[in-house]
Amino acid sequence: MVTVTSLSTAQPSAAESKRSEHHTDPRFTLAVLALAVGSFAIGTTEFVTMGVLPQVAEGIGVTVPQAGHVISAYALGVVVGAPVIAYFGAKLPRRSLALWLMVAYACFNAISALAPTYGTLMVARFVDGLPHGGYFGVAALIAADMVTPERRGRAISLVMMGLPVANVVGVPAATWLGQALGWRAAYWVVAGLAVLSLVMVTLFVPRQPGDPAATGRRELSALGRPQVWFALVAGAVGFGGLFALFSYVAPMVTDVGGLSEGAVPVFLLTMGVGMVFGNWVAGMLVDWSLRTSLIASPVGLVVALLLTWALAPYGWVALVGVFSVTTVGSVLALALMMRLIDAAGEAQTLGAALSHAALNSGNALGAWLGGVTIAAGFDYRSPLLVGALSSVAGFVVLVVAYRTEGRSASSEAGQSVASRS
């Protein structure tokens, strides 16, 4: 595995100089586009269930909160799949790994579309989540390896751009199809997108040899690093607020805001635009200051969630709130991935993949907590308040993490001075 090096003040090598030109090379552009199509497919399948949640509930004969557990099943698949794929795929060439993960996506979305019962749909969504973290992890490292270290945030953000663009185009379109033709049509769309990604990655992504020194044990060594666990916990609780909104946005728009079902795709579109804008800004922010971006984004997410809660009863006015939530959430997502890549040391495949495990732990947590508040008799905007508290908890974990890291660095420096004396 090629290691993404840290920023250095030394003169760049010839290899680094060549990589610095890749951001303007058409081959780099096509490679990033191909990887982003895979991100687009994943983003569509991850979020479209939220847009057709009432239709899914009606179609398989369960309540809306019960149907929300289908979202949690996908998220749990991501959490389980990230370390498993990193362990077994450590030595594989990165492009080959990305291709096999897209094959799995095409198959599992077809199974979701064919699922006859609630139980089978739960299983289908769980296995569909398994390749998620692995794909984003390997795609991020492919992109980062094609540029110099000071540009890696922007390179990774370009690959990740498929995820927010999916919320602008893929999710609203698939939601509309799901409402018009039945919710199963949404999953067939994603299966087709996965096949398109297979073709494009094969044609445009350069081959990268596997790392013969990589082992599953080395990848799992990242789990022995305290800062990796701090980042994972911060992501899991911090993203709960974002997904508390995503999971129940459809009934919030109709039941709280008093709008028709036709307004739901507009809200999903607005959330997607916020993600595109946030992802674009995030690439520059994390290259400027990863620490500041990571600490500030949970605070911004709390403010955005409370704003959405206040505006939700006013119909279309709530668009301002949902845009702000996804903008700030996108900054948090990219900053967390960069933090995990750095904290994981040599186990960068696992570090990058775990960022999506953390994000989808937040997905599961947000959907579950939102379902609990709704089942308890509160309205469909109550998950936003729980989500705000969850984001506060994420902020606290990050502050503790950086303080712990600072004390460890000071202690090591003191020991080094003492040993030289």
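Just so you know, these numbers come straight off a predicted model, no measurement behind them.

K.L.:
Looking at this model, I keep getting lost on the pattern of salt bridges. Mind explaining?
P.N.:
A side chain of one charge can pair with a side chain of the opposite charge if their charged atoms are brought near each other. Applying the stated criterion across every chain, the model contains 2 salt bridges. For aspartate 128, the salt bridge goes to arginine 125, with nearest N and O atoms at 2.9 Å. Of this pair, aspartate 128 and arginine 125 are both found in helix H6 (residues 118-129), 3 residues apart, which corresponds to roughly one turn of the helix. Note on accessibility: aspartate 128 and arginine 125 belong to one class, buried. The salt bridge involving arginine 381 is made with aspartate 379; its shortest N-O contact spans 3.4 Å. Arginine 381 sits in the buried class, given a relative accessible area of 17%. Owing to a relative accessible area of 37%, aspartate 379 belongs among the partly exposed residues under this scheme.

K.L.:
Explain H6 here, please?
P.N.:
One turn of an α-helix holds 3.6 residues; hence residues three or four places apart share an orientation. For H6, which comprises 12 residues, the first-to-last C-alpha distance of 17 Å matches the rise-based estimate of 16 Å (1.5 Å per residue) to within 8%. All buried positions along H6 are accounted for by Leu121, Ala124, Arg125, Asp128 and Gly129. One face of H6 carries all of its buried residues, which in axial projection span an arc of 130°.

K.L.:
Any chance you could explain the environment of alanine 98 here in plain terms?
P.N.:
Here alanine 98 shows up in helix H5 (residues 94-114). Here alanine 98 falls in the buried class, since its relative accessible area comes to 1%. In this structure alanine 98 touches Tyr135 and Val138, once residues within four positions along its chain are discounted.

K.L.:
Explanation requested: a nonpolar patch on the surface in the structure shown.
P.N.:
On the surface, Leu76, Val80, Val84, Tyr87, Phe88, Phe126 and Leu220 cluster together to form a nonpolar patch covering roughly 610 Å² of accessible area. Structurally, phenylalanine 88 can be placed in helix H4 (residues 64-88). Residue phenylalanine 88 is classed as exposed on the basis of its relative accessible area, which comes to 64%.

K.L.:
What am I meant to see in the nonpolar core here?
P.N.:
The nonpolar side chains of a soluble globular protein tend to be buried, and buried together. Counting residues in hydrophobic clusters, the biggest one holds 125 residues, and the most contacted among them are Ile156 and Met252. Element by element, the count of residues in this core is highest for helix H17 (residues 319-343), at 14 residues. Ignoring sequence-local partners within four residues, the contact set of isoleucine 156 consists of Ala140, Ala144, Leu334, Met337, Met338 and Ile341.

K.L.:
Hey, could you run me through the confidence of the model for the chain in this one?
P.N.:
Parts of the prediction with low pLDDT should not have their coordinates interpreted in detail. Averaged over the chain, the pLDDT score is 81; the fraction of residues at 70 or greater is 89%. Per-residue pLDDT stays below 50 along residues 1-23; that stretch engages in 35 contacts with residues further than four places along the chain or on separate chains. Confidence drops under a pLDDT of 50 for residues 412-421, and excluding neighbours within four residues, the segment shows 0 contacts in the predicted structure.

K.L.:
Can you help me understand the packing of helix H2 (residues 26-51) against helix H7 (residues 132-145) in this one?
P.N.:
To describe two helices that pack against each other, one gives the angle between their axes and the distance between the axes. For the pair H2 and H7, interaxial distance at closest approach is 11 Å and the crossing angle is 160°. Taken together, H2 and H7 sit at an angle that is classed as roughly antiparallel. In the crossing of H2 with H7, the sense of the turn from one axis to the other is left-handed. Across from Phe28, Ala34, Leu35, Gly38, Ser39, Ile42 and Glu46 in H2, the residues of H7 making contact are His132, Tyr135, Phe136, Ala139, Ile142 and Ala143. Along the lines of polarity and charge, the residues of the contact of H2 with H7 split into 9 nonpolar, 3 polar and 1 charged.

K.L.:
Is there a simple way to explain the packing of aromatic side chains in this structure?
P.N.:
Aromatic ring pairs: the centre-centre distance and the angle between the two ring planes describe each pair. Here the structure, examined in full by the defined rule, presents 5 aromatic pairs. An aromatic cluster is defined as three or more aromatic residues linked by ring pairs; in this entry it consists of Phe277, Trp280 and Phe323. Lying over the aromatic face of tryptophan 309, arginine 381 brings its terminal NZ or CZ to 4.1 Å of the ring centre.

K.L.:
I tried to follow the environment of tyrosine 248 on my own but got confused; where do I start?
P.N.:
If you trace the backbone, tyrosine 248 turns up in the loop between helix H13 (240-247) and helix H14 (249-256). Among the residues examined, tyrosine 248 registers a relative accessible area of 1% and is labelled buried. Spatially, the C-alpha atom of tyrosine 248 lies 9.5 Å from that of leucine 384, the residues being 136 residues apart in sequence. Among all residues touching tyrosine 248, those that are not within four sequence positions of it are Leu53, Pro65, Gly68, Gly366, Ala367, Gly370, Gly371, Ile374 and Pro383.

K.L.:
Teacher, can you tell me more about H13 here?
P.N.:
The buried fraction of H13 amounts to 8 of the 8 residues, a majority that puts the element mostly inside the structure. Of the residues making up H13, those classed as buried are Gly240, Gly241, Leu242, Phe243, Ala244, Leu245, Phe246 and Ser247.

Thresholds, definitions, all that
- Residues numbered from 1 in each chain as written.
- Predicted model: local features only at pLDDT ≥ 70, side-chain atom pairs only at ≥ 80, totals over all residues.
- Heavy atoms only, no water.
- Salt bridge = Lys/Arg side-chain N within 4 Å of Asp/Glu carboxyl O.
- Helix = DSSP H or I, 4+ residues; strand = E, 2+ residues; numbered from the N terminus.
- Buried < 20%, exposed > 50% of the residue type's maximum accessible area, 1.4 Å probe, protein only.
- Expected span 1.5 Å × (residues − 1).
- Arc of directions from axis to C-beta.
- Contact = heavy atoms within 4.5 Å.
- Patch = residues over 30% accessible without salt bridge, like charges linked within 9 Å, V, L, I, M, F, W, Y side chains within 5 Å.
- Areas by Shrake-Rupley, 256 points an atom, 1.4 Å probe, with all protein chains shown as cover.
- Core = buried A, V, L, I, M, F, W, Y, C linked by side-chain atoms within 4.5 Å.
- pLDDT = per-residue confidence, 0-100.
- Axes fitted to C-alpha atoms, helices over the stretch in contact; angles between N-to-C directions.
- Parallel < 35°, antiparallel > 145°, perpendicular 65-115°, else oblique.
- Left-handed = near helix turned anticlockwise from the far one by under 90°.
- Nonpolar A, V, L, I, M, F, W, Y, C, P; charged D, E, K, R; others polar.
- Phe/Tyr/Trp six-rings, centres within 6.5 Å; stacked < 30°, edge-to-face > 60°.
- Lys NZ or Arg CZ within 6 Å of the ring centre and 35° of its normal.

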